[in-house]
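Coordinate inspection notes
Next come the chains, spelled out residue by residue.
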Amino acid sequence: MDINHEYAAHQSALMQASTAESADHRQHQLAKASRIAGRISAFQHELGAAAACAWNAAHLAAAVPSAR
């Protein structure tokens, strides 16, 4: 799985939903985003909880300025 491609497709679906001119088109795009999110979640789950936790810790550490 190309995770970056999936993230981009998810973002695109959400953006299309936000600019949809009809409720049906909005629902279609939100459903598409949900399916993509499910694939991303399943892929991350297959990597194992430790990998997900390590990534989250690194991400949070980069966002918080060091107290040193």
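Structural notes, computed from the coordinates.

**Brief notes about the overall build of the protein**
Scanning the protein from N- to C-terminus turns up 3 helices and 0 strands. For the protein, the sequential pattern of α-helices and β-strands runs α-α-α. Scored against the burial criterion, the 68 residues of the protein give a buried share of 10%.

**Points about the side chain of Gln29**
On the secondary structure map, Gln29 appears in helix H2 (residues 23–47). You can call Gln29 buried: its relative accessible area is 4%. Setting aside anything within four residues of it in sequence, one finds Gln29 in contact with Ala13, Gln16 and Ala17.

**Here's the deal with the packing of helix H1 (residues 3–18) against H2**
Relative orientation of the contacting elements H1 and H2 amounts to 160°, with a least axis distance of 8 Å. Between H1 and H2, the interaxial angle falls into the category roughly antiparallel. Crossing hand, H1 versus H2: left-handed. Contact residues: H1 offers Ile3, Glu6, Tyr7, Ala9, His10, Ala13, Leu14, Gln16 and Ala17, while H2 offers His25, Arg26, Gln29, Leu30, Lys32, Ala33, Ile36, Ala37, Arg39, Ile40, Phe43 and Gln44. In the contact of H1 with H2, the residues fall into 12 nonpolar, 5 polar and 4 charged.

**Thoughts on the environment of Leu30**
Looking at the element boundaries, Leu30 is found in helix H2. Sequence-wise, Leu30 and Met15 are 15 residues apart; in three dimensions their C-alpha atoms are separated by 9.5 Å. Residues in contact with Leu30, not counting those within four places in the same chain, are Leu14 and Ala17.

Basis of the calculations
Residues numbered from 1 in each chain as written. Predicted model: local features only at pLDDT ≥ 70, side-chain atom pairs only at ≥ 80, totals over all residues. Heavy atoms only, no water. Helix = DSSP H or I, 4+ residues; strand = E, 2+ residues; numbered from the N terminus. Buried < 20%, exposed > 50% of the residue type's maximum accessible area, 1.4 Å probe, protein only. Contact = heavy atoms within 4.5 Å. Axes fitted to C-alpha atoms, helices over the stretch in contact; angles between N-to-C directions. Parallel < 35°, antiparallel > 145°, perpendicular 65-115°, else oblique. Left-handed = near helix turned anticlockwise from the far one by under 90°. Nonpolar A, V, L, I, M, F, W, Y, C, P; charged D, E, K, R; others polar.

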